[in-house]
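Below, each chain spelled out in residue letters.
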Amino acid sequence: MTKEALQELLEDMSLEEKIGQMNQVAGSFFLGASVATGPMAEKGFTQENIDRAGSAIGVSGAAAVKKVQKAYMEKHPHRIPLLFMLDVINGYKTVFPIPLGQGAAFEPELSMRCARMAAREAAVSGLHVTFSPMADLVRDARWGRVMESTGEDPYLNSLYATAMVRGYQGNDLRDRGSIAACIKHFAGYGAPDAGRDYNTVELSEHTLRQFYLPAYEAGVQAGAALVMTAFNTVEGIPATGNRRLMRQILRDEMGFDGVLISDWAAIEEMLCHGYCADRTQAARRAVAAGVDMDMMAGVYAEQLAALVQGGEVPETLIDEAVMRILTLKNALGLFEAPFKDADEEKEKEIILCEEHRALAREAARKSFVLLKNEGVLPLAPDTKTAYIGPYVDSRNLMGAWSLTGETKDVATLREAVLEQRADTDAVFCCGCPMTDRDMKLEGFLECMDEMVSAEEQQRMMDEAVEAAKACGRVVMLLGEDRRQSGEAASSAGIQIPGIQQELLDRVCAVCDQVAVVLFSGRPLDIRRIAEKAQAVLLAWMPGTEGARALVDVLSGRYAPSGKLPMSFPYCAGQVPVHYNEYPTGRPHVPGKDKDRFRSKYLDIPNAPLYPFGFGLTYTSFRVSPVRLDRDHMAKDDVLTASVTVRNTGPAEGTETIQLYIHDVAASVVRPIKELKGFCKVTLQPGEQKDICFPITERELRFLTENGRWESEPGAFEVFIGTSSLADMPARFVYG
Ligand code: GLC
């Protein structure tokens, strides 16, 4: 439709129809769930406003979507099509590594390809919008949703947000295989106090803007069609009712003119926050903040008409919101093609096709991070191996947000080993249950594994220890249960379940060739694992093809190349911990522990167990000292920083060379270093290559005391290395 036609449509719509467009309801409402009575009625849902809703969440599958769309449009006075939305976070049916694992690949382009394939599968299944990418910056491993982010660095997160938006949306939303992306959760949701989900967020505006906003802005600049509000407060006001955050910062400063949707029931939750006395005030404040769509609170549907008719809310606010929603539907081509890509035949052809599975396997391989290796990996073919641990036979490798991924499509580690005949005389033992008996997983119990008896548990462990004794080498497959990360899965203790640690301890007591493959949705305190095992390979939640990818890497056919996008803390007491910290006035200098009055702990080191950007491979590299082509840089200059990287080990390997810059003195304090570039390079044994990074004035900009993004003259240090531990900087003066 033309813009004029959209305007005419808007003008022809009744107030009830307009407000209906601002209402998102669960897809089950259209699939026969009763809405007119019970809790849903109390939430303001009636059959009438369901029939006028603008969007459905949670319906997918070409046949189901077409059935709902057809029935809905037949009843709608202007036959305005529904938008179908769902959380396609790391894949639809072909599930890729969790976003934190994708961040470990340090390859945004790869994630763009993953997002593109996820979009293809979602689109043929009738979906129009995904609630992804999550662009929240994270520093606290106690927060279960770190699994959904790409980590602790604004620059890396910005690249990923941009790549994923482009992957989902392609060149045009009307195109086949394109779905609309939704940047979330605006803003600052990744910084809840104490790492407890939905908790208060207290960030200075400077910190919010310097560290947390850039990735959201990158997603907006990439053209994200939607943004989702965060559950938390910002400066004491819930984001969902925060006019300054949404109208000034998001829309005016960042230039976002797409659809702003609330998070699930977040409009109503402003009552719990104590920001709104009732649902009437919640409706008024949310629409004043510019929230276009109410996800599943029923507040707009119940309250807005009276507010408009009573003159408390100008109808122009409604028109503004509805026009954005109609514009999105039009951009997707839904007025001409309300079923868009939904196609039962194409579903069979595209979903889980070999191309998608191959990409999922590549993405999984590149997500793995080798944290330790004392010669155990890759597995030499001449030694009998015991594969031990609760992940030996688990298909739950897709992470907490794989709503549509199915375990039937996932190979287990045992199957993958036997399928590839990578280890024909291997033995396999579960060794112990996934979780401890007293594991608190409220709300998940309906799908918790039944607990084994104490006797059975003992038998399993004894059997595993015997297998370890009989074999010369053990690969342990351990980790969090997938339900221990994700939404509403904060954890004060960030270790693997005690029963698994006990199994590891007993196995390491009888075998000194133990490699641990660690499945996790978050950084964990793995001191006791790293102490005991000779190798540790972090697998995150690797997705549909994760087990096959693991065998690819364990066997040595592919070398691991991942780098940590989020620091692995020494222990829970150390979080939040992140590499780009400020120096403080009393920086602790390692080795100078005698200096009492320094910023340090009495009982643990300052440094995380494994830092941001760290990851090993099956060879070794040497990086030369940093070379600069000048020691002074004027505003319009391009300074070139370079190093020579050499593969000094026995095998081909891929290294991610990272560029960090430190602004030595400025009008506000500056991090000890900030990632400003990286380059993946694959070298054969003995091969070397010069890696060059151009540095311009743009790389020196930050939020100054004037509240502007600008550079300031002064001294800068340039670090280039294989992790955020890079040292021996070169220095230049700018300005
Ligand atoms: C959830 C999440 C959000 C998700 C939405 C819809 O509560 O916070 O990330 O997209 O509801 O499922």
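Not measured: the values here are computed from a predicted model. (Residues numbered from 1 in each chain as written. Predicted model: local features only at pLDDT ≥ 70, side-chain atom pairs only at ≥ 80, totals over all residues. Heavy atoms only, no water.)

### Quick look at the side chain of Asp481
Among the secondary structure elements, Asp481 is positioned in the loop between strand E14 (473-479) and helix H19 (498-508). Within polar-contact distance, the side chain of Asp481 engages the backbone nitrogen of Arg483 at 2.6 Å. (Helix = DSSP H or I, 4+ residues; strand = E, 2+ residues; numbered from the N terminus. Polar contact = N/O pair within 3.5 Å; in protein donor to acceptor, adjacent residues only side chain to side chain.)

### Observations regarding the site of the ligand
Around the ligand lies a shell of 13 residues, among which Asp87, Arg145, Lys184, His185 and Asp263 are the nearest. Taking 310 Å² as the accessible area of the ligand by itself, protein coverage stands at 92%. Residues that form the shell around the ligand fall into these classes: seven nonpolar, one polar and five charged. (Near = heavy atom within 4 Å. Areas by Shrake-Rupley, 256 points an atom, 1.4 Å probe, with all protein chains shown as cover. Nonpolar A, V, L, I, M, F, W, Y, C, P; charged D, E, K, R; others polar.)

### Overview of the pairing of strand E22 (residues 674-683)
For E22, a buried count of seven out of 10 residues is recorded, marking the element as mostly surrounded by other parts of the structure. Strand direction decides the pairing type here: strand E21 (residues 653-663) and E22, joined by nine bridges, are antiparallel. Paired with Ile661 across the strands is Glu674, a residue of E22. (Buried < 20%, exposed > 50% of the residue type's maximum accessible area, 1.4 Å probe, protein only. Pairing = 2+ DSSP bridges.)

### Quick word on the environment of Glu253
Positionally, Glu253 belongs in helix H10 (residues 243-253). Between the C-alpha atoms of Glu253 and Glu217, which are 36 residues apart in sequence, the distance is 9.5 Å. Contact partners of Glu253, with chain neighbours within four places excluded, come to Arg209 and Gln248. (Contact = heavy atoms within 4.5 Å.)

### Focus: the packing of helix H18 (residues 454-470) against H19
Two elements in contact, H18 and H19, have axes whose closest approach is 9 Å; the angle formed by their N-to-C orientations is 30 degrees. For the pair H18 and H19, the crossing hand works out as right-handed. Only Ile499, Glu502, Leu503, Arg506 and Val507 of H19 make contact with H18, whose side of the interface consists of Gln457, Gln458, Met461, Asp462, Ala464, Val465 and Ala468. When its residues are assigned to classes, the contact of H18 with H19 shows seven nonpolar, two polar and three charged. (Axes fitted to C-alpha atoms, helices over the stretch in contact; angles between N-to-C directions. Left-handed = near helix turned anticlockwise from the far one by under 90°.)

### Structural notes on the packing of aromatic side chains
Tallying each qualifying case throughout the model produces 18 aromatic pairs. Aromatic pair Tyr189 and Phe231: ring centres 5.9 Å apart, planes at 75 degrees, arrangement edge-to-face. A residue pair is termed long-range when its members are at least 10 positions apart, and Tyr189 in the loop between strand E5 (180-186) and helix H9 (205-221) and Phe231 in the loop between strand E6 (226-229) and strand E7 (233-234) qualify at 42 residues. A single burial state applies to Tyr189 and to Phe231, both of which are buried. Of the aromatic side chains, those joined through ring pairs into one cluster are Phe106, Tyr155, Tyr579, Phe612, Tyr660 and Phe678. The side chain of Arg365 reaches across the aromatic face of Tyr558, ending 3.6 Å from its centre. (Phe/Tyr/Trp six-rings, centres within 6.5 Å; stacked < 30°, edge-to-face > 60°. Lys NZ or Arg CZ within 6 Å of the ring centre and 35° of its normal.)

### Quick look at the pairing of strand E1 (residues 23-26)
A regular strand places its side chains so that they alternate between the two faces of the sheet. With two bridges connecting them, E1 and strand E10 (residues 294-295) associate as parallel partners. Across the sheet, the residue bridging to Gln24 is Met295, located in E10. Where E1 and strand E2 (residues 55-57) come together, three bridges link them in parallel fashion. Bridge assignment links Gln24 to a residue of E2, and that residue is Ser55.

### Section: the sheet that holds E1
Note: strands within a sheet are paired through backbone hydrogen bonds, in either parallel or antiparallel orientation. On the basis of which strands lie adjacent, the open sheet formed by eight strands has the order E9-E6-E5-E4-E3-E2-E1-E10 and parallel pairing. Edge strands, defined here as strands with exactly one partner in the open sheet, are strand E9 (259-261) and E10. Pairing analysis gives two bridges linking strand E3 (residues 83-86) to strand E4 (residues 129-130), with the strands arranged parallel. In the sheet register, Met85 faces E4, and the bridge partner there is Val129. The strands touched by H10 are E5, E6 and E9; relative to E5, the strand with the most contacts, the crossing angle is about 135 degrees.

### A closer look at the packing of helix H7 (residues 108-124) against helix H16 (residues 354-367)
In the contact formed by H7 and H16, the axes pass within 10 Å of each other and the chain directions differ by 145 degrees. Of the two possible hands of crossing, H7 and H16 adopt the one that is left-handed. Together, Leu110, Arg113, Cys114, Met117, Arg120 and Glu121 of H7 and Glu355, His356, Leu359, Glu362, Ala363 and Lys366 of H16 make up the contact between the two elements.

### A word on the side chain of Thr544
Inspection of the secondary structure puts Thr544 in the loop between strand E16 (535-540) and helix H21 (546-554). Given a relative accessible area of 1%, Thr544 falls into the buried group. Side-chain polar atoms of Thr544 contact the backbone nitrogen of Val95, separated by 2.8 Å. Not counting the four nearest positions on each side in its chain, Thr544 is found in contact with Lys93, Thr94, Val95, Leu352, Arg357, Met398, Asp409, Val410 and Ala411.

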